[in-house]
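# Results of the structural survey
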Protein chains: 2
Amino acid sequence: MSSTSSLVNSTRADHPGGRETVINLDHGDPTIYERFWRQVGDKTTIIIPGWQSLSYFSDGSNICWFLETEFAREVVRLHKVVGNAVTEGRHIVVGTGSSQLILAALYALSSPDAAEPISVVSAAPYYSSYPSMADYQKSGLYKWAGDAENFDKEGPYIELVTSPNNPDGHRRKAMVNRSQGQFIHDLAYYWPQYTPISSPSDHDLTLFTVSKTTGHAGMRIGWAIVKDKEVAKKMTKFIEISTIGVSKDSQLRAAKVLKAVSDSCEQENSQDGESFFTHSYNIMAQRWKQLRAVVEAGDLFTLPQFSPAFCTFFGQETEPQPAFIWLKCEGDIEDCESLLREHKIVARSGRHFGASPKYVRISMLDTDETFIQLIDRLSAIQQGK
Amino acid sequence: MSSTSSLVNSTRADHPGGRETVINLDHGDPTIYERFWRQVGDKTTIIIPGWQSLSYFSDGSNICWFLETEFAREVVRLHKVVGNAVTEGRHIVVGTGSSQLILAALYALSSPDAAEPISVVSAAPYYSSYPSMADYQKSGLYKWAGDAENFDKEGPYIELVTSPNNPDGHRRKAMVNRSQGQFIHDLAYYWPQYTPISSPSDHDLTLFTVSKTTGHAGMRIGWAIVKDKEVAKKMTKFIEISTIGVSKDSQLRAAKVLKAVSDSCEQENSQDGESFFTHSYNIMAQRWKQLRAVVEAGDLFTLPQFSPAFCTFFGQETEPQPAFIWLKCEGDIEDCESLLREHKIVARSGRHFGASPKYVRISMLDTDETFIQLIDRLSAIQQGK
């Protein structure tokens, strides 16, 4: 049932060049950015001596006592540079990836004294891990209640708003608008390479993650921007009980990487090098162009349609170019996942996202080699090969 | 209620030298080892370039797909060098500290189809975080059922066996011995500096943590040694859903630190330097000697009594020298925590451990400066100052 189960058996192909090799694009492993980080060279190399970071504590005076000051500073700076989130007067809570922060937010927004678990909803197609994240512990605090569009229960609820949305890349607003709603805005993909930045986001509880921002998924570092002090405290408490804080090594490394991103943006005009976002926007643009070309050459598949919009970061109109392809099989094909699997492409069925199996989600963030193979195979399928 | 709440407000004293400064020994922040790691110098310095560890995956062929091979190798090697755990034919699961592994183990040993949550017990005095860890999510899978000694419910249960025990330092075996019991052996302190190593531990599910082994609490790295493949799979699944793996940076750093520990043991006889365990055993021995001297000089306080035993690692009889003082106030004093607080010592009341408030737990792993202040203040209390 849980779509994340597929993670266990998935690994990048050892020989991605081989025609017979299965390419696994089920998950969004962001190896696309490796080339940029290699080019950057030593600037983001971190050196940690053996006697550093022994203590559990980072800053005992902060609500989030395990938050490294340097990391928090670079988060605030990057949001200012990019213009995608208001941080003034907000609390930053660091997490072991944004997954931990989603759970921490569910914990913080629910009440231990409630008569029944609070309903957790998200509009379909929703991120495939939300149902299992809400239900795996059989928590009495919160409970998955499915597609926000069909939600009609009275009383308090939590809505997960993912924008741009995973899997389909569309911009989203809250779907259920009732007085007792609380919201978790998952803005993992609200960065200029994926979508036009329209204005700084300004919600009660907003999540970001290094994985999708810079591609450093192995760090397991995410952050929450939280308006309410008590919510920040409860989220911190959750992380304290579940993992007694978050890796200091990865926070320090993330600080260095985010700093390099901000530096690259600020120095772009005065130096030769591209900024991280110019680099990544261009790769994504190239990939989406190749993808649209191959899909539009046949009538088997269709892609979501997006409108360009003004991006305040680039100072010009840009195209949405999502981190995932939300591919639809047209005509008689009812199970798109199986069709792709026959052609050695592993993708995640629409079923896991509360949608039809005519859809699949395919990662756009893998290596160049794998992406080229994907294009070749999609083309071959269309040509009936 | 939750004893971990105190973590939020606790921080190492900014001016530990001042007479007026509160010394916070509520938690077991293992800064005692900083001196050793400074002496070691560059050997444990890690350098991570910006393009490393982008992927979520470490080893897709391993059950625990986010386990770094190098870390696993050094874990196995260290257990061989120290002789404190059997690892042959077992599965290693890495966690964000052993806290995450305790939760993963509760998840793995419980059944989603059970009519009611499985009981979780531990013999008092038990680790103060166990009750909140079992209950904070109001899970329908497992539920805290208190002191193992008073547990008389029929049916399946999970017993947490902490040996040497936190808070009191005693060696422990399972308390409830019934057919439907499952066990989590938390052996965080089963290392030569804290207790004689009698034989390699050989349980179904055993937990260790870098925090207590080498003092690197800020890394948030723990590991489980698991006999049953299905249990290892379920634990991995838990960590996948809750944090999509464990920081690669910290795993790589932990590998380097564990390697330095094993190297220091193997080279001790051929070189000048002390091994990590000789060094840490000697500091702990000195501290316990000072502590016993000051406590035995009065009749206000008492300490647990331990018997020396043969340690296979040191090849001689050694004394247990726990990471915590389990201090008892004798006579009329009913609230030992308050007494110490009046003298600017923050310690954790016995109440949090399912024991009498006549007891407190005090960390033995803080800096030399703080430890000396502790000794001075305990002495002053005894002298009625």
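Residues numbered from 1 in each chain as written. Chains lettered and ligands numbered in written order. Predicted model: local features only at pLDDT ≥ 70, side-chain atom pairs only at ≥ 80, totals over all residues. Heavy atoms only, no water.

### Digging into the relation of the copies chain A and chain B
- By a simple turn and slide, chain A fits onto chain B: the slide is 0.0 Å along the axis, the RMSD is 0.0 Å, and the turn is 180°. The superposition operator between the copies reduces to a two-fold rotation axis.
- Taken as a fraction of all interface residues of chain A, those also at the interface in chain B reach 100%, which identifies the copy contact as same-surface. (Least-squares fit on C-alpha atoms with pLDDT ≥ 70 in both. Contact = heavy atoms within 4.5 Å.)

### Some details on the interface of chain A and chain B
- Opposite the 74 residues of chain A that make contact, chain B presents 74 residues.
- In total, chain A and chain B occlude about 6,200 Å² of area from one another, counting both sides; carbon and sulfur atoms represent 56% of this.
- Connecting chain A to chain B are two salt bridges.
- Across the pair Asp249 of chain B and Arg253 of chain A runs a salt bridge, and its minimum N-O distance is 2.6 Å.
- Our count for the chain A to chain B interface comes out at 44 residue pairs in polar contact (both at pLDDT 80 or more).
- Classifying every residue of the side of chain A that touches chain B by side-chain character gives 30 nonpolar, 32 polar and twelve charged. (Buried area = accessible area lost by both parts, 1.4 Å probe. Salt bridge = Lys/Arg side-chain N within 4 Å of Asp/Glu carboxyl O. Polar contact = N/O pair within 3.5 Å; in protein donor to acceptor, adjacent residues only side chain to side chain. Nonpolar A, V, L, I, M, F, W, Y, C, P; charged D, E, K, R; others polar.)

### Quick look at the pairing of strand β16 (residues 359-363) of chain B
All names here are of chain B.
- Among the five residues of β16, four are classified as buried, and the element is accordingly described as predominantly covered.
- The pairing of strand β13 (residues 324-329) with β16 spans five bridges and is antiparallel. Among the inter-strand pairings, Lys328 is bridged to a residue of β16, identified as Tyr359.
- Sheet topology note: the strand β15 (residues 348-349)/β16 ladder contains two bridges and is antiparallel. What sits directly across from Arg348, in β16, is Arg361. (Buried < 20%, exposed > 50% of the residue type's maximum accessible area, 1.4 Å probe, protein only. Helix = DSSP H or I, 4+ residues; strand = E, 2+ residues; numbered from the N terminus. Pairing = 2+ DSSP bridges.)

### A closer look at the domain arrangement of chain A
Residues and elements named next belong to chain A.
- Splitting chain A by domain gives domain 1 (23-39 + 274-383) and domain 2 (69-265).
- Put simply, the middle of domain 1 and the middle of domain 2, counted by C-alpha atoms, are 24 Å apart.
- Tallying the contact residues gives 36 residues for domain 1 and 34 residues for domain 2.
- Approximately 2,700 Å² of surface area, both sides summed, lies buried where domain 1 meets domain 2, with 65% of it carried by carbon and sulfur atoms.
- Seen at the junction of domain 1 and domain 2, the total is zero salt bridges.
- Where domain 1 touches domain 2, the interface holds eleven residue pairs in polar contact (both at pLDDT 80 or more).
- Residue assignment for the side of domain 1 that touches domain 2 shows that the elements contributing at least two residues are α9 (276-296), β11 (309-311) and β13 (324-329).
- Counting residues per element, the side of domain 1 that touches domain 2 draws most heavily on α9, at five residues.
- Split into classes, the residues belonging to the side of domain 1 that touches domain 2 amount to 22 nonpolar, nine polar and five charged. (Domains from an automatic or database assignment.)

### Concerning the packing of aromatic side chains
- A complete count under the given rule lists 53 aromatic pairs over all chains for this structure.
- Judged by centre distance (5.5 Å) and plane angle (65°), the rings of Trp191 of chain A and Phe208 of chain A are edge-to-face. Pair noted here: Trp191 of chain A is in the loop between β7 (181-186) and β8 (205-209) and Phe208 of chain A is in strand β8, with a separation of 17 residues, a long-range link. This pair shows no difference in class: Trp191 of chain A is buried, exactly as Phe208 of chain A is.
- Note on Tyr189 of chain B and Tyr194 of chain B: the rings are 5.6 Å apart at their centroids and 75° apart in plane angle, and the pair reads as edge-to-face. Note on accessibility: Tyr189 of chain B and Tyr194 of chain B belong to one class, buried.
- The rings of Tyr33, Phe36, Trp37, Phe71, Trp191, Phe208, Trp223, Phe276, Phe277, Tyr281, Phe313 and Phe314 of chain A are connected pair by pair, giving a single aromatic cluster. (Phe/Tyr/Trp six-rings, centres within 6.5 Å; stacked < 30°, edge-to-face > 60°.)

### Focus: helix α8 (residues 248-266) of chain B
- Taking 1.5 Å of rise per residue, 19 residues should cover 27 Å, and α8 of chain B covers 27 Å from first to last C-alpha, within 8% of that figure.
- Two to three positions downstream of the cap, the backbone nitrogen of Asp249 of chain B sits 3.3 Å from a side-chain oxygen, assigning the N-cap of α8 of chain B to Ser247 of chain B. (Expected span 1.5 Å × (residues − 1).)

### Observations concerning the side chain of Thr44 of chain A
- Relative to the helices and strands, Thr44 of chain A is located in the loop between α2 (34-40) and β2 (46-48).
- Residue class for Thr44 of chain A comes out buried when judged on its relative accessible area of 0%.
- Apart from residues no more than four positions distant in its own chain, Thr44 of chain A is found in contact with Trp37, Lys256, Val257 and Ala260 of chain A together with Ile48, Pro49 and Gly50 of chain B.

### Side note on the pattern of salt bridges
- Overall, the coordinates contain 37 salt bridges over all chains when judged by the stated rule.
- The closest approach of N and O atoms between Lys237 of chain A and Glu240 of chain A, which form a salt bridge, is 3.5 Å. With Lys237 of chain A and Glu240 of chain A both in helix α7 (residues 229-243), this residue pair falls three residues apart, about one helical turn. An identical accessibility class is assigned to Lys237 of chain A and Glu240 of chain A; each is buried.
- Measuring nitrogen to oxygen at the nearest pair gives 3.2 Å for the salt bridge that ties Lys153 of chain B to Glu116 of chain B.

### A closer look at the sheet that holds β13 of chain A
Residue and element names in this part refer to chain A.
- Taken in spatial order, the four strands of this open sheet run β10-β13-β16-β15, and their pairing is antiparallel. The open sheet has two edge strands with one neighbour each: β10 (301-302) and β15 (348-349).
- Of the pairings in the sheet, the one linking β10 to β13 comprises two bridges and is antiparallel in character. Within β13, the residue paired with Thr302 across the bridge is Lys328.
- Those strands touched by α9 are β10 and β13, and its axis lies near 5° from that of β13. (Axes fitted to C-alpha atoms, helices over the stretch in contact; angles between N-to-C directions.)

### Examining the confidence of the model for chain A
Residue and element names in this part refer to chain A.
- On average, residues of chain A carry a pLDDT of 93, and 95% of them reach 70 or more.
- Long-range and interchain partners of residues 1-17, a stretch whose pLDDT sits below 50, account for 43 contacts in this model, where long-range means more than four residues apart.
- Two numbers describe this predicted complex: its pTM, 0.95, and its ipTM, 0.94. (pLDDT = per-residue confidence, 0-100.)

### Description of the pairing of strand β6 (residues 157-162) of chain A
Residue and element names in this part refer to chain A.
- With six of six residues buried, β6 lies mostly within the body of the structure.
- Going residue by residue along β6, you find Tyr157, Glu159 and Val161 tucked away on one face and Ile158, Leu160 and Thr162 tucked away on the opposite face as well.
- Pairing of strand β4 (residues 118-122) with β6, which is carried by three bridges, proceeds in the parallel orientation. Along β6, the bridge assignment pairs Ser119 with Tyr157.

### Some details on unusual backbone geometry
- Cis rather than trans, the peptide bond between Ala124 of chain B and Pro125 of chain B has omega equal to -5°.
- Assignment of secondary structure puts Pro125 of chain B in the loop between β4 (118-122) and α5 (130-135).
- In this structure, Pro164 of chain B follows Ser163 of chain B across a cis peptide bond, with omega equal to -5°.
- Following the sequence through the fold, Pro164 of chain B ends up in the loop between β6 (157-162) and β7 (181-186).
- The backbone phi angle of Lys344 of chain A is positive, close to 60°, even though this residue is not glycine.
- Mapped onto the secondary structure, Lys344 of chain A falls in the loop between α10 (336-342) and β14 (345-346).

### Side note on the environment of Lys227 of chain B
All names here are of chain B.
- Here Lys227 is to be found in the loop between β9 (221-226) and α7 (229-243).
- Classification of Lys227 as partly exposed rests on a relative accessible area of 35%.
- Apart from residues no more than four positions distant in its own chain, Lys227 is found in contact with Arg90, His91, Asp202, His203 and Asp204.

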